[in-house]
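Residue-level listing of the chains:
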Amino acid sequence: MSASALVWFKRDLRIADHAPLAEAAHCEAALALYIIEPAWLESPECHPRHVAWLLECLETLRIALAKKNLPLLVRVGEAPEVMTGLRREFAFTHLFSHEETGPGWSYARDKAVARWCRAHGVAWTEWPQTGVVRRLKDRRGWARLWQQRMDAPSIPVPAGFREPPHSRRASLSDMLPTLPTLHDLGLAWDAAPLNTVGAPETRRAPPASEEAAHQVLQSFLRERGLGYRRHLSSPLDAEEGCSRLSAHLAFGTLSMRTVHQATEAAIQTTPSRELAYDLRGFAGRLRWHCHFMQKLEDEPSIEWRNFARTVDGLRPGDGTELQDADRERLAAWCEGRTGFPMVDACMRQLRATGWLNFRMRAMLVSFAAYHLWLHWREPGLFLARQFLDFEPGIHWSQMQMQSGTTGINTLRIYSPTKQALDQDPQGLYIRRWVPELGTSAYPAPIVDERSALAEAKRKLYALRATPEAKGEAGAIQQKHGSRRSGLPPSGVRARKTSSADLGQGSLF
Ligand SMILES: Cc1cc2nc3c(=O)[nH]c(=O)nc-3n(C[C@H](O)[C@H](O)[C@H](O)COP(=O)(O)OP(=O)(O)OC[C@H]3O[C@@H](n4cnc5c(N)ncnc54)[C@H](O)[C@@H]3O)c2cc1C
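Residues numbered from 1 in each chain as written. Predicted model: local features only at pLDDT ≥ 70, side-chain atom pairs only at ≥ 80, totals over all residues. Heavy atoms only, no water.

Some remarks on the confidence of the model for the protein chain
Taken as a whole, the protein chain shows an average pLDDT of 90; of its residues, 90% reach a score of 70 or greater. A low-confidence stretch, residues 192–203 (pLDDT under 50), is modelled with 21 contacts involving residues beyond four sequence positions or located in other chains. Below pLDDT 50 for its whole length, residues 491–505 participates in 36 contacts with residues either more than four positions away or in separate chains. (pLDDT = per-residue confidence, 0-100. Contact = heavy atoms within 4.5 Å.)

Shown next, in the form of structure tokens:
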């Protein structure tokens, strides 16, 4: 192809199964670019732990690309300005990238880049990299589309690129410019011990690279996946027994298609029926990843507005300012000092490691929403900063589901006491993260569980019983519901009657 291409890396930090990269290999000249965008660094969801992980990924990615004769430039600035500057050195005619389903700032940036491309006569092509479908009219048949995409052959790594463009032709060291540090970017990551005696580990993030991602995947499919369905809910077992692929999927060091195909192959070939059974449970969750992202793609406002508008204004922080007492409850939750040991242990693990299993994430949110009666936006921003795997579509959908603001899902209220008994009967996990429990250093519970829950349920059930709420639920189900998509029911829903259940809540 007589074209010169700029491959714009975003949340796809890999060389395998990378359509934009493969396409650029057919062009006469190519360069690769990663932009560290101030809009991201300044966004309320960004934490230095995300940036540190990104920089580690870029380190190995640029080496892998340099070996293919493709320089990866890393620039700091807003995308249109960076592209204008770059075009003075390299007059690219094509921009290749993956589609992104991100927060508002990335949506605005994509619109600015589209305008820039039109103004400069650059042809911008984007490829999907998950099961998310752009401009989807209707959810019917969505699961079938997901399957087709994920079963399609993955894209081979290009053999190599032609000489870099003239101004870039130089030694390998020119291909490997020094990356900025956190300090250069004006970021500091205070790894000071968490708030109490002996937080056991700090800053323990999984290794960040495409190679590490493949190792994590293989170790899960071969060994760690055995017992997945049992280990998933326990904070003690999940650290090892879950796949731990979420950060890799969020930063794109692995493609969803690679994970799906490797999982299906492992299910077919493993001699262990138990492992195959567990991996089938895991395979179902991969579909949920894209199902939730699709909700944000279809309705970008869910990152800051309730799915069900009939619940607007229900809690403080939803269109109203938080009062001092609300702020105090929020601070106690964020700092892991609520006086509920399971809640505090989970929050401290999350802050220290950047990861927590699904059940405990749901419990933290349920506690903020029902026990502390806080709107989901502020707690959601705090959690987004803590989760290394922050994925906006999953995150905001889950924040709303666990807070009871989707209008369609069963109200699930997690009791921290029951969770401690079920998931940590010997108290090992709690003692690990809350070593001061039982001493005067540990606070008394900040709310009375029984009366807080009774009040929360009363308000929510009263709202859900109104004709307006029932009418709205139908429309939400129509637009976002998983049944229309053709997704198989999840474990919980399979046991219950219906996801549109507007009646009884359940205490987990
Ligand atoms: C309030 C809340 C916020 C969440 N925010 C995020 C987030 O920002 N990013 C994120 O990746 N996950 C999020 N999750 C979903 C889930 O907790 C994580 O995907 C999971 O804990 C990651 O660990 P793992 O990769 O070892 O998961 P595994 O159990 O090994 O699952 C494999 C993959 O399947 C997908 N997956 C698993 N469970 C879910 C689910 N319930 N919904 C959607 N996809 C799922 C993820 O991509 C995950 O990496 C959130 C859950 C809750 C309750």
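Anyway, onward from the coordinates.
Things to note about the side chain of Gln398
In this fold, Gln398 is placed in helix 18 (residues 392–403). Sequence-distant contacts of Gln398, defined by excluding residues within four places in its chain, comprise Phe292 and Phe358. (Helix = DSSP H or I, 4+ residues; strand = E, 2+ residues; numbered from the N terminus.)

Structural notes on the sheet that holds strand 3 (residues 72–76)
Reading across from one edge, 3-2-1-4-5 is the order of the five strands in this open sheet, with parallel pairing throughout. Only two strands of the sheet have a single neighbouring strand rather than two, namely strand 3 and strand 5 (123–127). Neighbour-to-neighbour, the strand axes of the sheet open up by a mean angle of 25 degrees, direction not taken into account. The pairing of strand 2 (residues 29–36) with strand 3 spans five bridges and is classified as parallel. Along strand 3, the bridge assignment pairs Ile36 with Val76. The sheet contacts of helix 5 (residues 104–120) involve strand 1 (4–9), strand 4 (94–98) and strand 5, and relative to strand 5 the element is tilted by about 145 degrees. (Pairing = 2+ DSSP bridges. Axes fitted to C-alpha atoms, helices over the stretch in contact; angles between N-to-C directions.)

Thoughts on the pairing of strand 2
Successive side chains on a regular strand alternate, one facing one side of the sheet and the next facing the other. With eight of its eight residues buried, strand 2 lies for the most part within the structure. Of the two faces of strand 2, the one lined by Ala29, Leu31, Leu33 and Ile35 and the one lined by Ala30, Ala32, Tyr34 and Ile36 are each fully buried. Crossover strand 1 to strand 2 through helix 1 (residues 19–24) is right-handed. (Buried < 20%, exposed > 50% of the residue type's maximum accessible area, 1.4 Å probe, protein only. Right-handed = clockwise from strand over helix to strand, strands pointing away.)

Brief notes about the site of the ligand
In the neighbourhood of the ligand, 27 residues make up the surrounding shell, with Tyr228, Ser243, Arg244, Asp389 and Glu391 lying closest. In the environment of the ligand, an oxygen atom lies 3.0 Å from a nitrogen or oxygen atom belonging to the backbone of Ser246. Within the residue set of the shell around the ligand, elements represented by two or more residues are helix 11 (246–251), helix 13 (273–298), helix 16 (358–371) and helix 18. Per element, the largest residue contribution to the shell around the ligand is five residues, and it comes from helix 13. (Near = heavy atom within 4 Å. Polar contact = N/O pair within 3.5 Å; in protein donor to acceptor, adjacent residues only side chain to side chain.)

What about the packing of aromatic side chains?
Using the criterion set out here, one finds twelve aromatic pairs in the structure. An angle of 40 degrees between the planes, with centres 5.9 Å apart, marks the rings of Trp8 and Trp124 as tilted. One end of the pair, Trp8, is in strand 1; the other, Trp124, is in strand 5, and 116 residues separate them in sequence. Across this residue pair, the class does not change: Trp8 and Trp124 are buried. Each ring, one from Phe96 and one from Trp127, has its centre 5.4 Å from the other, and the planes form 80 degrees; the classification is edge-to-face. Note that Phe96 is positioned in strand 4 and Trp127 in strand 5, a separation of 31 residues in sequence. Put simply, the rings of Phe90, Phe92 and Trp116 touch in pairs and so form one group of aromatic residues. (Phe/Tyr/Trp six-rings, centres within 6.5 Å; stacked < 30°, edge-to-face > 60°.)

Observations regarding helix 17 (residues 377–386)
Counting buried positions along helix 17 yields seven of ten residues, so the element is predominantly enclosed. Among the residues of helix 17, Pro379, Gly380, Leu381, Phe382, Leu383, Ala384 and Gln386 are the ones counted as buried.

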